[in-house]
Amino acid sequence: MRIVVATTSVPFASGSADAVADALAAACRGRGDAVDRVRLPRGVHVAAACRLTDVGADRVLCLDARAALLEHPARRVWLVDPDGLEVPSVRAAVAGAPAVRAADEDVRARLAAADVPAQLLPLPRPDDADAWTRAAAALVR
C-alpha cells in the first residue's frame, strides 16, 4: 500500500506531530508499505498548499488538524495536534474525514467540543514497535 503521513510545520522548526509522524512512517514501512512524509507549511498558505499537493497514495494519514485540509478520498485523521480546529474550514476538513481518531483524551475532548466525533487511539510508547504496528494497521483500514 502507498501511504502518505502528513503534518504541518513552521519552516526550519519541528512540529508537534513530527516525532509521531516519523514513528508511524517507520511502522508502516515495517509492515511493507511504501511511505512518504509530507510536511506542509503552517500559516496562511496551508490551504493553498493542500489544494496544490497531489499525494498519489492509497491512504493519507493526517496527524494535525491543518494537515486534514489535504483532499483525498481515503484520508484518515489521527489527531495529535488539534491546533487549528477553531478555523471553520479546518474543522470541516477534520469532520469530513472517513475516520477520525484522537491520540489522547484531551484531544478527543477538544474534538468533541468542536462537534467532531472521534475514537481514541492512544499514542504507543516510543520503544513499543508492536504497538506502533498495531496503530498503523488500525489507521490504514
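Residues numbered from 1 in each chain as written. Predicted model: local features only at pLDDT ≥ 70, side-chain atom pairs only at ≥ 80, totals over all residues. Heavy atoms only, no water.

**Focus on the environment of Val140**
- Turning to its location among the elements, Val140 is positioned in helix α5 (residues 129-140).
- Among the residues examined, Val140 registers a relative accessible area of 5% and is labelled buried.
- When the C-alpha positions of Val140 and Asp58 are compared, they lie 9.0 Å apart, and in sequence the two are 82 residues distant. (Helix = DSSP H or I, 4+ residues; strand = E, 2+ residues; numbered from the N terminus. Buried < 20%, exposed > 50% of the residue type's maximum accessible area, 1.4 Å probe, protein only.)

**Comments concerning the sheet that holds strand β5 (residues 99-102)**
- Taken together, the six strands give an open sheet; going across it, the order is β2-β1-β3-β4-β5-β6, and neighbouring strands pair in parallel fashion. Both edges of this open sheet fall to β2 (34-41) and β6 (119-120), since each of them pairs with a single strand only.
- Where β5 and β6 come together, two bridges link them in parallel fashion. Residue pairing for β6: Ala102 is matched across the bridge by Leu120.
- Those strands touched by α5 are β1 (2-9), β3 (59-64), β4 (75-81) and β5, and its axis lies near 135° from that of β4. (Pairing = 2+ DSSP bridges. Contact = heavy atoms within 4.5 Å. Axes fitted to C-alpha atoms, helices over the stretch in contact; angles between N-to-C directions.)

**Some words on the pattern of salt bridges**
- Evaluation of the coordinates by the stated rule reveals 10 salt bridges.
- A salt bridge links Arg108 to Glu105; the shortest N-O distance between them is 2.9 Å. On the criterion of helical spacing, the pair formed by Arg108 and Glu105 is a turn pair, its members being three residues apart in helix α4 (residues 105-113).
- Given the relative accessible area of 44%, Glu105 is considered partly exposed.
- Note that Arg125 is salt-bridged to Asp127, the shortest N-O span being 3.4 Å. In terms of burial, Arg125 and Asp127 fall into one category: exposed.
- Overlapping salt bridges bring together Asp18, Asp22, Arg37 and Arg39 as one network. (Salt bridge = Lys/Arg side-chain N within 4 Å of Asp/Glu carboxyl O.)

**Some remarks on helix α1 (residues 18-30)**
- In this model, α1 (13 residues) spans 18 Å end to end at C-alpha, consistent with the 18 Å of a helix rising 1.5 Å per residue.
- For α1, the set of buried residues is Asp18, Val20, Ala21, Leu24, Ala25, Ala27 and Cys28.
- Its buried side turned inward, α1 meets β1, β2, β3, β4 and α5. (Expected span 1.5 Å × (residues − 1).)

**Some thoughts on the pairing of β5**
- Neither face of β5 is exposed, since Ala99 and Arg101 on one face and Val100 and Ala102 on the opposite face are all buried.
- Pairing analysis gives four bridges linking β4 to β5, with the strands arranged parallel. Bridging across to β5, Leu79 finds its partner in Ala102.
- Chirality of the crossover, the property in question, places the unit of β4, helix α3 (residues 88-95) and β5 among those that are right-handed. (Right-handed = clockwise from strand over helix to strand, strands pointing away.)

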